[in-house]
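Inside the fold
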Amino acid sequence: MKLDYILDHMPDEIRRQTTHKIFFPGESIVRKGEEARHVYLITRGTIRVSNEFASGQRFTFGTLDVPDLIGDLEVLAGQKLYSASTEVSTQCEVIAMRSETFLQWMRIDNDFALAVAQLLAAKMYPTSNEAGRVKFLPSLNRLQTYLLKRLGDIDTDLFILHTSRQQIADDIGTSVKTVNRGVVKLKDEGLITLLHGKITMNKTQQVAMKNSLIDE
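Anyway, here's the lowdown on the structure attached to this text.

Scanning the chain for helices and strands turns up 9 helices and 10 strands. When its C-alpha atoms are laid out on the principal axes, the chain stretches across 60 × 40 × 30 Å. Across the 216 residues that make up the chain, the buried fraction comes to 42%. By sequence separation, contacts in the chain at least 24 residues apart represent 72% of the contacts at least 6 residues apart. Summed over all atoms, the accessible surface of the chain reaches about 12,100 Å², with 53% contributed by carbon and sulfur. Across the chain, the mean location of the 27 positive side-chain charges is 6 Å away from that of the 27 negative side-chain charges.

Our focus in this paragraph is the pattern of salt bridges. Applying the stated criterion across every chain, the model contains 6 salt bridges. The shortest N-O distance in the salt bridge between Arg-48 and Glu-87 comes to 2.5 Å. Note that Arg-48 is positioned in strand E3 (residues 46-52) and Glu-87 in strand E6 (residues 85-88), a separation of 39 residues in sequence. For Arg-48, a relative accessible area of 21% puts it in the partly exposed group. A salt bridge links Asp-155 to Lys-203, with the shortest nitrogen-to-oxygen separation between them at 2.4 Å. Pair noted here: Asp-155 is in the loop between helix H6 (139-151) and strand E8 (158-161) and Lys-203 is in helix H9 (residues 203-215), with a separation of 48 residues, a long-range link. Residue class for Asp-155 comes out exposed when judged on its relative accessible area of 66%. Of the residues examined, Lys-203 reaches a relative accessible area of 35% and is grouped as partly exposed.

Glancing now at H6. Between its first and last C-alpha, H6 extends 18 Å over 13 residues, near the 18 Å set by a 1.5 Å rise per residue. Listed as buried for H6 are Leu-140, Asn-141, Arg-142, Leu-143, Gln-144, Tyr-146, Leu-147, Leu-148 and Leu-151. Backbone geometry just downstream of H6 places Gly-152 in the positive-phi region, at approximately 55 degrees.

Soluble globular proteins: nonpolar side chains tend toward being buried together. Residues Leu-147, Ile-168, Leu-186, Ile-192 and Met-209 are the most contacted members of the largest nonpolar core, which totals 19 residues. Where this core is concerned, the elements lending two or more residues are H6, E8, helix H7 (165-172), helix H8 (176-188) and strand E10 (198-202). Of all the elements, H6 adds the most residues to this core, at 6 residues. With near-sequence residues (within four places) excluded, Ile-168 lies in contact with Leu-143, Tyr-146, Leu-161, Thr-163, Val-179 and Ile-199. Ile-6, Ile-14, Leu-41 and Leu-119 belong to the second largest nonpolar core, which has 18 residues in total.

Spatial strand order, E8-E10-E9: 3 strands in an open sheet with antiparallel pairing. Strand pairing shows two members of the sheet lacking a second neighbour, E8 and strand E9 (193-195), which therefore form its edges. Each adjacent strand pair in this sheet contributes to an overall mean axis angle of 35 degrees, direction not counted. In the sheet, E8 pairs with E10 via 4 bridges, with the strands oriented antiparallel. Bridging across to E10, Ile-160 finds its partner in Thr-200.

Definitions and limits used
- Residues numbered from 1 in each chain as written.
- Predicted model: local features only at pLDDT ≥ 70, side-chain atom pairs only at ≥ 80, totals over all residues.
- Heavy atoms only, no water.
- Helix = DSSP H or I, 4+ residues; strand = E, 2+ residues; numbered from the N terminus.
- Buried < 20%, exposed > 50% of the residue type's maximum accessible area, 1.4 Å probe, protein only.
- Contact = heavy atoms within 4.5 Å.
- Areas by Shrake-Rupley, 256 points an atom, 1.4 Å probe, with all protein chains shown as cover.
- Lys, Arg positive; Asp, Glu negative; His and termini not counted.
- Charge placed at Lys NZ, Arg CZ, Asp CG, Glu CD.
- Salt bridge = Lys/Arg side-chain N within 4 Å of Asp/Glu carboxyl O.
- Expected span 1.5 Å × (residues − 1).
- Core = buried A, V, L, I, M, F, W, Y, C linked by side-chain atoms within 4.5 Å.
- Pairing = 2+ DSSP bridges.
- Axes fitted to C-alpha atoms, helices over the stretch in contact; angles between N-to-C directions.

Below you can see the structure in the form of structure tokens.
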């Protein structure tokens, strides 16, 4: 369901119980372990979802954008605490509501309830279908898979990854030290080049990187 439809058909009694909030890159909307008192409907921007562990490592396992929800899973599951942390990637706008208001909206609006179910399914399917498989790959394979995923279908003579080593570590669920070791190994194998510390791949390296994963 499109965001415009959701907003246009929001019952007045629900609208009166919501507030509009703006978040900037790097800010957190919710943190793992905080009380799940609110649900947020994203109306603009992109947000990273991550999980932190006792070891201090952080694993970014997904992204949210318009018209995704934050906190819906916890509220519907009857959980008192948020299960993951969210960090704003681009300037973000949300409609915030108390958990009770969110449940009230679902009870009185069947179309909204169906939209919530579809959004939840869309978020959970890739997680169960792929994330677990990637998590158990060796760290070097995870790094290669990540680089190829970031490359995607981009057709360029020189791909430059403008992502910090810390963010790469968060995204593949490992440490910066392990990422750095992997970068050195891929460089030594000629699969990547470093340009002012940034990972780059020319056309030949892009093909070789893809073939190296296929061969394994």
